[in-house]
Amino acid sequence: MTGNTFGRMFRVTTCGESYSGCFRKTPDIPKELYGGLLTIVDGCPPGVRITAEDIQQELDKRKPGQTPLDSPRREKDRAYIFSGVMENQLSTGAPIGIVIPNNDIEDIHVGQYREYKDSIRPGHAEYTFFKKYGEYSDWVGAGRASGRETVSRVAGGAVAKCILDPMGIDVIGFITESHGIRAKPNISYEEAKRNYRANELNCPDLEAAPKMIQDILDVRKSGETCGGVVELICRGVPAGLGEPVFDKLEATMAHALMSIGAVKGIEVGAGFRVADMLGSECNDESYVDRSTGRVAFYSNNAGGFLGGISNGDEIRIRLAIKPTPTVSVPQRAVDVEKMEDGILSPITRRDASLLPRIYPVCEAMARIAIVDALMMARGYRALSNIDEKWDKI
């Protein structure tokens, strides 16, 4: 299996599966080493302060079983740093290794998956995994296609956060829509920051949030699931990051975010609204900000990019999140072993909505992409002969 590394200079590699370790339970192996998720961050500069608590804080945002909206799966998601960090919690410049053991991998749950391991579950990756890996495909909890795979992404994103925070670059994700219930438009960074994690759904609109939460609980009772929208604001990203053609920062961030399994759509800035605009309406006119002496923009329809390169404005991205595919509603499915049609009604644990736990995954992937672009840009700039005056506009 390839494609488990993201980044060029700041590279995050992950491995592990949803129920990794479920078949390796023996008295000779400590429970913490049965299996789980691993993250290797290569390219982290030396001298960055990174603690297990920094990583744990991010992992706790997506940990299951914390609210009635979550999957009841009880994973501790405890992060252990085993390389790349030495005295005073400072990075050495060597690869940083992080392990997150699986602990809730009981036989009863494995047995539930075994009952329909040959079925093509609607909305899941079984069919494509059968086509790609045949009889060797991991059938327990969807393997690498499981949302649990995102734990290791969040760990890598936590390292990126340790690099970005001292630079004043902040990435914040929040919920603006759930099952058709919308928060008020144009939520500012300040309001999103003020109300960050103020409720179980992390919706900064405190009037809309209770309606969304109650609706998700009602959906859960019906055996169904629902989706919604995550919005990201990246503030403090300097202008000039990204390349003009295939490696636009806009494109690499889209790559990072669209690689999250549940993300089915992306909008940058005004997004699909640009289809209804005139050119003069869509263009972001510039002016000289007298307080800084630098270029600023009257609007941000471009979402923080021009020519795909960061323009120093807030990066604004919205992501469409699909409903959790596991539902307790009978659905048609093919048994590939018998090649027969059938009816499937899964009973495994699930989230009624992915929204309460997916926004930290989105934050993590955005941070990884930004750090990688920063390292590329600064390396390029250090070797160029460009006049320093261009840094001041």
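Below: a short report on this structure. Not measured: the values here are computed from a predicted model.

Here is what the cut-offs are and how they apply
- Residues numbered from 1 in each chain as written.
- Predicted model: local features only at pLDDT ≥ 70, side-chain atom pairs only at ≥ 80, totals over all residues.
- Heavy atoms only, no water.
- Helix = DSSP H or I, 4+ residues; strand = E, 2+ residues; numbered from the N terminus.
- Rg over C-alpha atoms; globule rule 2.2 N^0.38 Å.
- Buried < 20%, exposed > 50% of the residue type's maximum accessible area, 1.4 Å probe, protein only.
- Areas by Shrake-Rupley, 256 points an atom, 1.4 Å probe, with all protein chains shown as cover.
- Lys, Arg positive; Asp, Glu negative; His and termini not counted.
- Charge placed at Lys NZ, Arg CZ, Asp CG, Glu CD.
- 1 Å grid on protein atoms, 1.4 Å probe; cavity = no way out; pocket = protein on both sides within 12 Å on 5 of 7 lines; lining within 4 Å.
- Points joined across faces, edges and corners; volume = space filled by probe spheres on them.
- Nonpolar A, V, L, I, M, F, W, Y, C, P; charged D, E, K, R; others polar.
- Salt bridge = Lys/Arg side-chain N within 4 Å of Asp/Glu carboxyl O.
- Pairing = 2+ DSSP bridges.
- Contact = heavy atoms within 4.5 Å.
- Axes fitted to C-alpha atoms, helices over the stretch in contact; angles between N-to-C directions.

This brings us to the overall build of the protein chain. Assigned secondary structure in the protein chain consists of 9 helices and 16 strands. Taking 2.2 N^0.38 as the reference for a compact globule, 393 residues should give roughly 21 Å; the C-alpha atoms of the protein chain span a radius of gyration of 22 Å, in line with that estimate. Across the 393 residues in the protein chain, those meeting the buried criterion constitute 49%. Accessible surface for the protein chain amounts to roughly 19,600 Å². Of this, 53% is attributable to carbon and sulfur atoms. Positive and negative side-chain charges in the protein chain, numbering 49 and 54 respectively, have mean positions lying 1 Å apart.

Estimated volume of the second largest pocket: approximately 1,100 Å³. Along the wall of the second largest pocket there are 33 residues; nearest its centre are Pro238, Ala239, Gly240, Ser310 and Trp390. Of all the secondary-structure elements, those providing two or more residues to the lining of the second largest pocket are β8 (228–235), β11 (294–297), β13 (309–310) and α9 (355–382). With 6 residues, α9 is the single largest residue contributor to the lining of the second largest pocket. For the lining of the second largest pocket, the residue count by class is 17 nonpolar, 7 polar and 9 charged.

What follows is about the pattern of salt bridges. Summed over the entire model, instances satisfying the criterion amount to 26 salt bridges. With a shortest N-O distance of 3.5 Å, Glu314 and Arg316 are connected by a salt bridge. With respect to burial, Glu314 and Arg316 carry one shared label: buried.

Across the sheet, which stays open at both edges, the 5 strands sit in the order β1-β2-β3-β5-β4 with antiparallel pairing between neighbours. Strand pairing shows two members of the sheet lacking a second neighbour, β1 (5–6) and β4 (80–83), which therefore form its edges. Against the sheet, helix α4 (residues 150–164) makes contact with β2 (11–16), β3 (36–42) and β5 (96–101), and its axis sits at roughly 30 degrees relative to β3, the strand it touches most.

This next bit is on the sheet that holds strand β14 (residues 315–321). The 5 strands lie next to each other as β7-β6-β8-β14-β9, forming an open sheet whose pairing is antiparallel. At either end of the open sheet lies a strand with only one pairing partner, and these are β7 (181–182) and β9 (263–268). Pairing geometry for β8 and β14, over 7 bridges, is antiparallel. Residue pairing for β14: Val229 is matched across the bridge by Ala320. Against the sheet, helix α7 (residues 249–258) makes contact with β8, β9 and β14, and its axis sits at roughly 155 degrees relative to β9, the strand it touches most.

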